[in-house]
Structures are given as structure tokens and as C-alpha cells.
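Coordinates in review
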Amino acid sequence: MKIVFMGTPDFAVPCLKALAEDNNEISAVFTQPDKPKGRGYTMTPPPVKVTAQSLGLTVYQPETLRDGSALSLLQELAPDMIVVVAYGKILPAEILSLPRFGCVNIHASLLPQYRGAAPIQQAVLDGCSETGVTAQCMDTGIDTGDILMKSVTPIGENETADELHDRLSLLGAELIVKVVHAAQNGTLTREKQDESKATHVGKLTKEMSAIDFSKPAQQVHNLVRGLNSWPSASANLEGRRIKIHRTVLAQGRGEPGQVLSLQPLVVACGEGAVQITELQPEGKKKMDAAAFVNGLHKDSPQGLKFT
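Here we summarise the structure given alongside this text. (Residues numbered from 1 in each chain as written. Predicted model: local features only at pLDDT ≥ 70, side-chain atom pairs only at ≥ 80, totals over all residues. Heavy atoms only, no water.)

Re the packing of helix α1 (residues 13-21) against helix α2 (residues 47-54)
To keep things clear, this is the line we draw: Angles here are taken between N-to-C directions and fall from 0 to 180 degrees, while the axes themselves are lines fitted to C-alpha atoms, restricted in helices to the stretch in contact. Under the scheme used here, helices are H or I runs from DSSP no shorter than 4 residues and strands are E runs no shorter than 2 residues, and both carry numbers assigned from the N terminus. For classification, angles of less than 35 degrees are called roughly parallel, those exceeding 145 degrees roughly antiparallel, those between 65 and 115 degrees roughly perpendicular, and all remaining angles oblique. When the near helix sits turned anticlockwise from the far one by under a right angle, the crossing is termed left-handed; a clockwise turn instead gives a right-handed crossing. For this analysis, residues touch if any pair of their heavy atoms sits within 4.5 Å. Each residue gets one label: Ala, Val, Leu, Ile, Met, Phe, Trp, Tyr, Cys and Pro are nonpolar, Asp, Glu, Lys and Arg are charged, and the others, such as Gly, are polar.
Orientation of α1 relative to α2, taken along the N-to-C sense of each, is 20 degrees, at an axis distance of 9 Å. On the basis of the axis angle, α1 is roughly parallel to α2. The hand of the α1/α2 crossing is right-handed. In this structure, α1 contributes V13, L16 and K17 to the contact, and α2 contributes P47, V48, T51 and A52. Looking at the contact of α1 with α2 residue by residue, the classes come out as 5 nonpolar, 1 polar and 1 charged.

This is the structure in C-alpha cells:
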């Protein structure tokens, strides 16, 4: 099939690779412009561009899709399908209606749940037991298009949003190949989304980071998992801001935030407790809890409290 691929971050890379390996004709790849990164503000290409170039594909990086030039180019390319995975730009209606098999988006949730910007993280924050990826035929709404296919996966008890992100990106790659095959075979079906079940999620913010240890341990654990690796859950201990990257549920009772033990590092919550296994004091690298505790030079948890 003749495909134009649109995507930008790491999440989109497996889909692009899978479509190329499936012997489709990738006539062009659209991705976001290079951006300055790091302390030296070095212009850095997005992951999809790097992958596309390694595959010998033609790359376009338009600043906008709304001035008519992208439409003209796509009309010349005449793709059978446009595949969109975390591209980061809104497609105008005239582009959405261009390919004969439509514009197909891979979204990292089981639509209509978790439409919007951070579906992977929100599923973990909410303590969901499962999630997945959805292939949808895009329309002018945000993640409102007809559902083509879904793939479901459980969420591990201690799985972080970053780990889930990587698994879902691979599931998405498997799913888009199935969609392309079904379109070619004439077996692709469409299902309207149930608007009564729709939920929406916004972007993550740094303001979400602060841990409230008065919440039940499960909610604290979900926050740590859901904000890994950005913006990261955090708390204060003895005047130092500490990012908390990994926890597991633990036994224990005490005043919320109270350190119940040092080896292992267990902290009381409103209900139950969490064991911190990986953290990062401000200005330092990530470390395991044992190394952090050794640096405290304390024999007893007495008086230690996270706030």
C-alpha cells in the first residue's frame, strides 16, 4: 500500500519500522521541525526523522499544514492511506478526506476512554488494570473518529508509565500492520465511538508532582508510577527536594510521610505504606534507596518524615 507516515517521538518509531518492513510503499514521512535541545541548544532531529533517514525515506518537516503547501504535496503523492502516530499537529479537513482509506491514527488508549494528550500516564495514575491501543479513522475532532481495531494489554502492578509507553508502542506497530492488511483485503470495518463513555485527559504538568502521603498507599504508588519519568513524583525530606522514581506497596502504619524503616526505606501513607526503591535527591543522579539511606548516616528512622 502507498502510505504517507506522520509522527514525531519515540512512540511512533515502531509503527514506521513495521510499515516499512511490511513492504508498504512509504512515499513520504512528515515530522515536526528539528528543535534545540540540551545546554548547548543543539538543533536535534525528532526520532521519527532519524529513523526515516536510516530507512532511506523522504522526510518533510512543515511548520504548518494549513497554508495549502502540505495539501498540494499530499495531492501529488496521492497516498492510499495516511498513518498518524503522535505527530503533534492537527490535520485540516481537506487532508483528512484525501486518502481513499482515510487518515488512520494509532492512539495509546482504549477509545473512547482517555482521549487527549497523556492517555498512558493517566491510565496508570488512575490505577487501571488494563489499557491498550486503538486504531481510529481520524475526523475533525480530537480522538473522536470511528474505531477500526483495538489491542488490549494488562498493566503490571509496579509498571511505570515509561515502561507501559514502550510496550504500547510495539502493540501499536502490530495493530497498524493489521489495519493495512484489512484495508487491502476489503475486510476493514468501522465502529462509531460511544460518546457516553468518552473521557478526556490533558497534558502533564509539574504541579502534579507533589506527593500527598495522606492519600492511601495505592494512590501514592500510582502517582509515582504514572509520573515516571516526567515530571516525576517528588517530596521533601530534611529540607531537600527528592524525586521519587519507583515504589512498591508495603506493610506498615504511622503518621503520613513518617519513615517507618530505613532498610528497606518504608514511608507511611494515609492507609498502608510504600517502600521507596529508587529516588533522586535534587542536583544528583538517580540512585537506589539503599545508597541514599547510607548517605543519611542515620541508625534509626526516628524523626524522619517526607512532606
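Back to the text.
Some thoughts on the pairing of strand β2 (residues 25-30)
To keep things clear, this is the line we draw: Accessibility here uses a 1.4 Å probe with only protein chains present; expressed as a share of the type maximum, an area under 20% marks a residue as buried, one over 50% as exposed, and anything in between as partly exposed. Strand pairing is defined by DSSP finding a minimum of two bridges between the two strands. A clockwise path from the first strand over the helix to the second, with the strands pointing away from the viewer, defines a right-handed crossover.
The element β2 is largely enclosed, with a buried count of 5 among its 6 residues. As paired elements, strand β1 (residues 2-7) and β2 share 5 bridges and run parallel to each other. Looking across to β2, one finds that V4 is bridged to A28. Chirality of the crossover, the property in question, places the unit of β1, α1 and β2 among those that are right-handed. Two strands pair when backbone bridges link them, and β2 and strand β5 (residues 59-60) are joined in this way by 2 bridges, in the parallel orientation. For F30, the partnering residue across the bridge sits in β5 and is Y60.

Side note on the sheet that holds β5
Taken together, 7 strands build an open sheet; the order of strands is β5-β2-β1-β6-β7-β9-β10 and the sheet is mixed. This sheet does not close on itself; its edge strands, each paired only once, are β5 and β10 (146-154). As paired elements, β1 and strand β6 (residues 81-85) share 5 bridges and run parallel to each other. Counterpart to V4 in the pairing with β6 is I82.

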